[in-house]
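Here is how the chains run, residue by residue.
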Amino acid sequence: MDIQQFIANVAEQFDELNVELTPETRFREVEGWVSLTALLVITMIDDEYGIVLPPEEMRQTNTIQELFDLVKSKK
Amino acid sequence: MAELRIKNVCLRGVAGAVPETMVSTYDYPFFSHNDADNFVKTVGIKNRYIALHGECASDLCTLAAENLIDSLHWDKESIGILSFESVTADYRTPPTSCILQHRLGLPESCMTFDLPMGCCGFLYSVAVVGKMMQDGNIKRAILLIGDTITRMSSPKDKSRIPLFGDCGTAVALEYDENAADIILDMNTYGKGYESLITPHSGFRHQVTPKSFEYEDFGNGIVRAPIHSLIQGMEVLTFAISRPPKSIKALLEKYAIDKDNDLDYILIHQANLLIINQIIKKCGFDTAKVPMNIENFANLGGASIPMLMVSELNQQLKEHKKMLASAFGLGLTWGTMIFETENLIIPPLAVLHTTDNVK
């Protein structure tokens, strides 16, 4: 799993183009994050990584890195 | 898997009715134009019919049932079972199906019961009534499936109210020794019951003044305990995981080829994201998956019968083999494989507020 690719995949779920994300970004604080974005991210992770994240575990992640690590731990 | 195989029972007709008021996603005060654009693109819902004037599911189902019985030319005396699948009954007691036996002019020899099962309601109705009919003593049944779900939600809950629409449907089953088997697989994940729940108004938490006190949960979610709620992430993860497994298992067990043996795949119209995930995971050809979510939204248990009314009324004049997939409240999910021929489908009816609402 590649963190840069993961960041690009998450960025695609935002309505805004050119959203700037890094591993340290707290994704829920990014402008344009709404509850629908969470559903899109879950769906993207299912498509790209074959993992359906348990919502209670996803809620405990704050940064992109933490979300990435959670997905990686399920692989 | 809880598997059921129903013999000697055939689907004869389906009818649907909607209230006259249609609301656009762009009409909601809590959505900006951009929010509404995103909602339409992602969730897939542009319009929905809503029961704005106190119409009940029973009113909509009555209209659908009258049209269906007329179109089938059935003698009402020949109907042995009337079921009413709904979570929006007229009263806490008595069961609405009893009231409807009288309202529809069905004979006293008719057995009636309610089934409050939510989004899998069509599958439950066919499973329960179909199994009761297969020994041939009862020849005909009318299955009513409908809800006024928008009346359960807080008008200020952005996470819930735009997802649903109101309607009533009626389905006719008949004993027929030449009928192809109806195959079902039904499942339950009770651990997830709080993902779709109406906290107050049952006997666990009876109605008190507190039931009507609104609370702001953030993210545009303002509701009271009397209102139904949805935990979007929980429902999404459930719906993209479990139904595809049930579908694949049933197809494999009965050696049914999804590309060559099935004419249509009817997926509960809950949310475009979920529908598309199920299509992808099962590898279905999208040309075989009719959709009406754009103009009806999530109709609960009536979603699948309404798909037949709104999208397949011409196609189902011929013999077709179909797979239906539903998931929701409970949480429950199921798959049904069935065949129909010359299905009678009267045009979608509209209940006007000037009509007699009991």
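Notes on the structure in this doc start here.

Procedures and definitions
- Residues numbered from 1 in each chain as written.
- Chains lettered and ligands numbered in written order.
- Predicted model: local features only at pLDDT ≥ 70, side-chain atom pairs only at ≥ 80, totals over all residues.
- Heavy atoms only, no water.
- Axes fitted to C-alpha atoms, helices over the stretch in contact; angles between N-to-C directions.
- Helix = DSSP H or I, 4+ residues; strand = E, 2+ residues; numbered from the N terminus.
- Parallel < 35°, antiparallel > 145°, perpendicular 65-115°, else oblique.
- Left-handed = near helix turned anticlockwise from the far one by under 90°.
- Contact = heavy atoms within 4.5 Å.
- Nonpolar A, V, L, I, M, F, W, Y, C, P; charged D, E, K, R; others polar.
- Buried < 20%, exposed > 50% of the residue type's maximum accessible area, 1.4 Å probe, protein only.

## Looking at the packing of helix H1 (residues 3–11) of chain A against helix H2 (residues 35–49) of chain A
All names here are of chain A.
For step 1, the next point in the chain: At a closest axis distance of 10 Å, the pairing of H1 and H2 adopts a crossing angle of 135°. Relative to H2, the element H1 is oriented oblique. When the axes of H1 and H2 are compared, the crossing they make is right-handed. Counting all contacts with H1, which are made through Gln 5, Phe 6, Asn 9 and Val 10, the residues of H2 involved are Val 41, Met 44, Ile 45, Glu 48 and Tyr 49.
For step 2, the next point in the chain: Classifying every residue of the contact of H1 with H2 gives six nonpolar, two polar and one charged.

## Some points on the packing of H2 of chain A against helix H6 (residues 272–282) of chain B
For step 1, the next point in the chain: Contact pair H2 of chain A / H6 of chain B: the axes reach a minimum separation of 11 Å and the direction vectors enclose 5°. Considered as vectors, H2 of chain A and H6 of chain B are oriented roughly parallel to each other. Contacts between H2 of chain A and H6 of chain B pair Leu 39, Leu 40, Thr 43, Asp 46 and Asp 47 of chain A from the former with Leu 273, Gln 277, Lys 280 and Lys 281 of chain B from the latter.
For step 2, the next point in the chain: The residue inventory of the contact of H2 of chain A with H6 of chain B, partitioned by class, reads three nonpolar, two polar and four charged.

## Things to note about unusual backbone geometry
Residues and elements named next belong to chain B.
For step 1, the next point in the chain: Cis rather than trans, the peptide bond between Thr 93 and Pro 94 has omega equal to 0°.
For step 2, the next point in the chain: Looking at the secondary structure, you find Pro 94 in the loop between strand E5 (81–85) and helix H3 (96–103).
For step 3, the next point in the chain: The omega torsion of the bond from Gly 330 to Leu 331 falls at -5°, within 30 degrees of zero and hence cis.
For step 4, the next point in the chain: Position of Leu 331 relative to the elements: it lies in the loop between strand E15 (320–328) and strand E16 (332–340).
For step 5, the next point in the chain: Here the phi dihedral of Asn 8 falls at roughly 65°; this positive angle occurs in a residue that is not glycine.
For step 6, the next point in the chain: Among the secondary structure elements, Asn 8 is positioned in the loop between strand E1 (2–6) and strand E2 (9–19).
For step 7, the next point in the chain: Looking at Asn 8, the relative accessible area reads 21%, which means it is partly exposed.
For step 8, the next point in the chain: For Ala 297, which is not glycine, the phi dihedral falls at a positive 65°.
For step 9, the next point in the chain: Considering the arrangement of structural elements, one finds Ala 297 in the loop between helix H7 (293–296) and helix H8 (303–311).

Nothing here speaks to function; it is geometry throughout.
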